[in-house]
Protein chains: 2
Amino acid sequence: MMGPENPEKPSILIRGRLWFSDIPSKPLAKLRGVARQAIKLAKDDPRRLIHSLKVGLTVTLVSLLYYLQPLYNNLGASAMWAVMTVVVVFEFSVGGTIGKCLNRGLATLAAAALALGANHLSILSGGGNEPYVIGLFVFVQAVAMSFVRFFPKVKAKYDYGMLIFILTFSLVSISGLRMNEVIKLAQARLVTIVIGASTCLAVCILIYPVWAGEDLHNYVAKNISQLGNFLEGHMDQCFQTSCDARIEITKPSISNLNSILVDSKGREETLANLAGWEPGHGQFMFRHPWKQYLKIGSLTRQCACRLEPINGFLNSNIQLQAPQEIQCTIQEAFSESRKALKELAWAIETMTKPSSANPHIANLKTASANIKILLRSSIWGDESDSLQIIPIAAVMIDMVSSVEQIGDAVNELSLMGKFKSRNGNESGVEGESEIGHDKNCIEIGMAEISSLSVAIDERIEYSADEQILI
Amino acid sequence: MMGPENPEKPSILIRGRLWFSDIPSKPLAKLRGVARQAIKLAKDDPRRLIHSLKVGLTVTLVSLLYYLQPLYNNLGASAMWAVMTVVVVFEFSVGGTIGKCLNRGLATLAAAALALGANHLSILSGGGNEPYVIGLFVFVQAVAMSFVRFFPKVKAKYDYGMLIFILTFSLVSISGLRMNEVIKLAQARLVTIVIGASTCLAVCILIYPVWAGEDLHNYVAKNISQLGNFLEGHMDQCFQTSCDARIEITKPSISNLNSILVDSKGREETLANLAGWEPGHGQFMFRHPWKQYLKIGSLTRQCACRLEPINGFLNSNIQLQAPQEIQCTIQEAFSESRKALKELAWAIETMTKPSSANPHIANLKTASANIKILLRSSIWGDESDSLQIIPIAAVMIDMVSSVEQIGDAVNELSLMGKFKSRNGNESGVEGESEIGHDKNCIEIGMAEISSLSVAIDERIEYSADEQILI
């Protein structure tokens, strides 16, 4: 009854609500933004959420030490070292956790033993000199260990151990000045560290483990496959000739090479270092050739750098104007590279021998040789054509040698990592069906070219000049 | 008397010595290798040695807490937290140390306060439920904080703080179950952390401080200058034409672009993060625009990537065969780029306005426009010439736009960072003397080109096609 009769009320209500909602709108919006980001983080990689739950579980488990009377009686306040160990040592990947556990355990052991020795020496020196002797020892080891941390190899794998060494040595040796229970302190510290570390390891490995090695493996494969996607996306835009009869309806979003170029090295090195700590798991043996992934990664980056100029052509939005034969051969090369890269990525992913990439790589070599012949045969009419096509051809020839190198590196990996060979039935999943089609295409191309190359063979010293554009 | 008479003796001695020296030769050789590496590390950057000595000094200083009776009486065994703080918090750069100190201090404060609150709540719940309530709190905060660490912004600057928060909260709240002296524990921890952190800061800032901001500043300038060196090294090898009359006797070693391409991003980001913690120092204000360095660094990487193909030409060891005019213009562009880059690097290093780079960048634009005209004018005789020169010209045109962008970014930096302008006397140090000479050269080139361009002006729609090669 009141609504229609009193038209001012709702407007006041609304205005009031607006006024109220206006006050905290900024913090609220920010909070909502944070929540959205958190959901995105969890969705992108649900292992993050699982990891957080695992940390919570482990910390709570270790806190139990405080409730268990017999344990507390033995360890006393030292029990808190167990909590500290868990918080500091628990990493996202199994490799990280094992690495930190080993670093912490061994460094504590070594430093405690040496500190006890130093204590003994200081007591032998006698005559009230103990503080000075201990002070000297602490100073010398802190300087030495701090410097050792600058060694690149130490920094990569043992940085944390060095830190713990300085810490434990200092604590144990200076505690010796006050208490006579140094040995008990060192012992209690070691026991609690072992308890904390083993709880960590158990939870980390047994509940949804995250293997750095597996991440590295997938990451390297993903980057190679991303190169393939890049070629796929760009090819469609650069070429619209009739030499390829397929009509591609699904056009993948053009991926950016920047992440491969710039971010990958650090990530791959970190993962390879962590993977080095991991025991055998899944398809990976204990000493899986992780270093080889770094080599493949570095070749992938090289290839990405060589492909980068294509972005320029894309941005200029120009349809290539060049003779059909050249366009067809270049497109062939890009298409074969794409397939070779996809096959290589697939071979890594499935840990099978990359034999299905070989025909594509062979085709690539042919295409690369052909383009060199074609470029010299001056079959184009207009000068301006050459301005457009030669830089692309140069990119293509660079790319071909890069793809070959990646192929070789993946082959090495498949030998070192004892990849299984593919049986006849499952070979080439989607590649095989296309090979037939593409062979036709390249055979047509080759027929054209061979007739051309006979004509121009005499005036070109082909083999000698092969390197000109590379 | 015995030496000559007894010829067998020395040989036995020698053999014995050889035998002995043979046993530990491998470990000895390794030790010698390590020593050599250590000396190299110290020579490359003597600040490493100084840093190690500073750590040793600080750890020893803080250990004094144990000797000072009044302090020990107040703090008791908590004094070891001071040692721990020093070891964990002392970083190479001032920014790193301040960042860790703030993280540790604030996180400890916040976590201790919250843990005391949690303790109070658990006591209020009463009825023997305390352990469960505390356990729940510990679990929830550990899960939440572990997840927050995945936020990229938090990971970059506050990762350590999150860790310390989990640690302190867990320790303080579970300690409350056993002792009734939680507040004293929290207090003692805080005091010792403050003592440790302030000693750290004092030593770190007062004795040979290492500023991350200064490192970032120099590193970005060095990378730009390295690009210049790269051009210098390669130009001499690619071009041996008469258009440049200078005879360069000092040939710099050809620098590798790989380190710029791959390693720089991570390092720059780390340094920029650390620099954000640093107070004003030297020529840098408190809020110096560190983010702008990241932008310049990213443009430098882009330029390096565009220059990378030149390595290929270099490896093929081929002298360019192309008309003099084109070679001269390309060489001009490379030479101007080199000078522009060197001037930009110099401007950053000395924190002066990069005005001396402007004429070079103007010349660059002219050269870039000229090369586009020349390429269309078909003044070359042989087809094979164009195969060689067009890819280089494409690289050149890409490079020119990159150098321009770097110039703009450095200009922005000089405005944001309030760089001082150069007075007339000190302008252009080595650049100025060369500008006169090069202006002549480019004026000659332009005269040639303008006569050419008149002839070909009609058939080229120059401005419309400008983008073709970019």
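About the thresholds
- Residue numbers run consecutively from 1 along every chain, following the written order of its sequence.
- Lettering for chains starts from A, numbering for ligands starts from 1, and both go in the order in which the items are written.
- A pLDDT threshold of at least 70 governs which residues receive local features in this predicted model, and a stricter bar of 80 or more applies before side-chain atom pairs are shown or counted, although totals over entire chains, interfaces and linings include all residues.
- Note: side-chain values were computed over all heavy atoms of the structure, leaving out hydrogens and water.
- UniProt positions are given in the numbering used here, feature names are shortened, and annotations may be inferred rather than shown by experiment.
- Helix and strand assignments come from DSSP, with helices taken as H or I runs of at least 4 residues and strands as E runs of at least 2, each series counted from the N terminus.
- The classification of residues rests on relative accessible area computed with a 1.4 Å probe and restricted to protein chains. Under 20% of the type maximum is buried, over 50% is exposed, and intermediate values are partly exposed.
- The criterion used for residue contact is that any of the two residues' heavy atoms lie within 4.5 Å.
- A 3.5 Å cut-off defines polar contacts: any pair of N or O atoms within that distance qualifies, except that in protein one atom must be a possible hydrogen donor and the other a possible acceptor, and neighbouring residues in sequence count only when both atoms are side-chain atoms.
- Ring geometry is summarised as follows: Phe, Tyr and Trp rings, the Trp one being its six-membered ring, pair when their centres sit within 6.5 Å, and such pairs are stacked at plane angles under 30 degrees, edge-to-face over 60 and tilted between the two.
- Here, a charge over a ring is recorded when the distance from Lys NZ or Arg CZ to the ring centre is within 6 Å and its angle to the ring normal is within 35 degrees.
- An automatic or database domain assignment is the source of the domain bounds shown.
- Here the buried area means the combined drop in accessible surface, using a 1.4 Å probe, for two parts upon being joined, counting both sides.
- A side-chain nitrogen of Lys or Arg and a carboxyl oxygen of Asp or Glu constitute a salt bridge if their distance falls within 4 Å.
- Side-chain classes are defined by residue name, with Ala, Val, Leu, Ile, Met, Phe, Trp, Tyr, Cys and Pro counting as nonpolar, Asp, Glu, Lys and Arg as charged, and the others, Gly among them, as polar.
- The score called pLDDT rates the predictor's confidence residue by residue, from a low of 0 to a high of 100.
- Only buried Ala, Val, Leu, Ile, Met, Phe, Trp, Tyr and Cys residues count toward a nonpolar core, and they belong to the same one when joined by side-chain atoms within 4.5 Å.
- To estimate how far a helix should reach, multiply one less than its number of residues by 1.5 Å.
- Patch rule: a residue counts if its relative accessible area is over 30% and it has no salt bridge; like charges are joined within 9 Å, and nonpolar side chains (Val, Leu, Ile, Met, Phe, Trp, Tyr) within 5 Å.
- All accessible areas in this document rest on Shrake-Rupley with a 1.4 Å probe, and a residue is counted as covered only by the protein chains that are shown.

- An unreviewed UniProt entry annotates chain A as Aluminum-activated malate transporter 2-like of Salvia divinorum.
- According to the UniProt record, the Sequence similarities (unreviewed entry) comment for chain A is "Belongs to the aromatic acid exporter (TC 2.A.85) family."
- Of chain A, the UniProt comment under Subcellular location (unreviewed entry) reads exactly: "Membrane".

## Some remarks on the overall build of chain A
Then, number 1: Helix and strand content of chain A: 20 helices and zero strands.
Then, number 2: By the burial criterion, 51% of the 470 residues in chain A qualify as buried.
Then, number 3: For chain A, the proportion of contacts with a sequence separation of at least 24, taken over those separated by at least 6, is 83%.

## Things to note about the side chain of S122(B)
Residue and element names in this part refer to chain B.
Then, number 1: Note on placement: S122 falls in helix α7 (residues 94–125).
Then, number 2: Side-chain polar atoms of S122 contact the backbone oxygen of N119, separated by 2.7 Å.
Then, number 3: Among residues more than four places away in sequence, those in contact with S122 are E130, V133 and I134.

## Focus: the packing of aromatic side chains
Then, number 1: Enumeration over the complete set of coordinates arrives at 14 aromatic pairs over all chains.
Then, number 2: Measuring from centroid to centroid gives 5.3 Å for F284(A) and W290(A), while their planes differ by 45°, and the two rings are tilted.
Then, number 3: Judged by relative accessible area, which is 7%, W290(A) ranks as buried.
Then, number 4: Judged by centre distance (6.2 Å) and plane angle (15°), the rings of F165(B) and F169(B) are stacked. With F165(B) and F169(B) both in helix α10 (residues 159–178) and four residues apart, this pair spans about one turn of that helix. Neither F165(B) nor F169(B) differs from the other in exposure class; each is buried.
Then, number 5: Linked through ring pairs, F92(A), F147(B), F150(B) and F151(B) together constitute an aromatic cluster.
Then, number 6: When the ring centre of Y160(A) is taken as origin, the NZ or CZ atom of K100(A), which lies over that ring, is 4.7 Å away.
Then, number 7: A cation sits over an aromatic face here: K157(A) above W277(A), 4.7 Å from the ring centre.

## Description of the domain arrangement of chain A
Residue and element names in this part refer to chain A.
Then, number 1: As far as domains go, chain A holds domain 1 (45–206) and domain 2 (212–469).
Then, number 2: Listed by partner, the interface residues are 12 residues for domain 1 and eight residues for domain 2.
Then, number 3: Roughly 820 Å² is buried in total at the junction of domain 1 and domain 2, and carbon and sulfur atoms are behind 65% of that figure.
Then, number 4: Applying the counting rule to domain 1 against domain 2 returns one salt bridge.
Then, number 5: The salt bridge involving D215 is made with R47; its shortest N-O contact spans 3.0 Å.
Then, number 6: Ranked by residues supplied to the side of domain 1 that touches domain 2, first place goes to helix α7 (residues 94–125) with seven residues.
Then, number 7: Grouping the constituent residues of the side of domain 1 that touches domain 2 by class yields five nonpolar, five polar and two charged.

## Some points on the UniProt feature "transmembrane region" (unreviewed entry) in chain A
Residues and elements named next belong to chain A.
Then, number 1: Annotation from UniProt places "transmembrane region" (unreviewed entry) at residues 49–69, 75–94, 132–151, 158–178 and 190–211.
Then, number 2: Secondary structure content for residues 132–151 is 85% helix and 0% strand, while the C-alpha to C-alpha distance between its ends is 30 Å.
Then, number 3: End C-alpha to end C-alpha, residues 190–211 measures 27 Å, and it is 77% helix and 0% strand.

## Re the confidence of the model for chain A
All names here are of chain A.
Then, number 1: On average, residues of chain A score 75 in pLDDT, and 71% of them are at 70 or above.
Then, number 2: Confidence, expressed as mean pLDDT per element, reaches its minimum in chain A at helix α20 (residues 462–465) with 30 and its maximum at helix α4 (residues 47–63) with 92.
Then, number 3: Below a pLDDT of 50 lies the segment residues 244–254, which in the model reaches 20 contacts outside its immediate sequence neighbourhood of four places, other chains included.
Then, number 4: Contacts from residues 424–470, a stretch scored under 50 in pLDDT, to residues over four places away or in other chains number 58 contacts.
Then, number 5: If you check the scores for this complex, the pTM reads 0.77 and the ipTM reads 0.77.

## Focus: the nonpolar core
Then, number 1: In this structure, L307(A) and L307(B) are the most contacted members of the largest nonpolar core, which totals 114 residues.
Then, number 2: Each residue touching L307(A), except ones within four places of it in the same chain, is listed here: L227(A), F230(A), L231(A), L257(A), F334(A), V395(A) and M399(A).
Then, number 3: Counting residues in hydrophobic clusters, the runner-up holds 102 residues, among them V83(A), Y160(A), I164(A) and M80(B).

## Focus on the environment of I224(A)
Residue and element names in this part refer to chain A.
Then, number 1: Inspection of the secondary structure assignment puts I224 in helix α12 (residues 212–238).
Then, number 2: By relative accessible area, I224 is classed as buried at 0%.
Then, number 3: Separated by 72 residues in sequence, I224 and I296 place their C-alpha atoms 9.0 Å apart.
Then, number 4: The contact partners of I224, leaving out residues within four places of it in the chain, are I296, T300, L341, L344, A345, I348, I406 and V410.

## Describing helix α8 (residues 130–148) of chain B
Then, number 1: Its 19 residues give α8(B) an end-to-end C-alpha distance of 27 Å, which sits within 8% of 27 Å, the value for a rise of 1.5 Å per residue.
Then, number 2: Within α8(B), the full set of buried residues consists of I134(B), G135(B), V138(B), Q141(B), A142(B), V143(B), M145(B), S146(B) and F147(B).

## Some thoughts on a nonpolar patch on the surface
All names here are of chain B.
Then, number 1: There is a patch of nonpolar side chains on the surface, built from L57, L61, L64, L68, I205, L206, I207 and Y208 and spanning about 720 Å² of accessible area.
Then, number 2: Looking at the nonpolar patch, the elements with two or more residues in it are α4 (47–63) and α11 (182–206).
Then, number 3: For L68, the location among the structural elements is in the loop between α4 and α5 (69–75).

## Let's talk about unusual backbone geometry
Then, number 1: With phi around 55°, M351(A) is a residue other than glycine that occupies positive phi space.
Then, number 2: Note on placement: M351(A) falls in the loop between α16 (324–350) and α17 (358–376).
Then, number 3: For K418(B), which is not glycine, the phi torsion reads 50° and is therefore positive.
Then, number 4: With respect to the helices, strands and loops of the structure, K418(B) is situated in the loop between α18 (383–416) and α19 (431–456).

## Re the environment of H281(B)
All names here are of chain B.
Then, number 1: Relative to the elements of secondary structure, H281 occurs in the loop between α13 (258–275) and α14 (290–307).
Then, number 2: H281 sits 152 residues away from N129 along the chain, and the two C-alpha atoms are 54 Å apart.
Then, number 3: If we skip the residues at most four places from it in the chain, H281 touches W211 and E214.
Then, number 4: Within the structure, H281 has its side chain in polar contact with the side chain of E278 (distance 3.3 Å).

## Digging into α13(B)
Then, number 1: The end-to-end C-alpha distance of α13(B) is 25 Å, a good match for the 26 Å that 18 residues give at a rise of 1.5 Å each.
Then, number 2: Every buried residue of α13(B) is listed here: I260(B), L261(B), V262(B), S264(B), K265(B), E268(B), L271(B), A272(B), N273(B) and A275(B).

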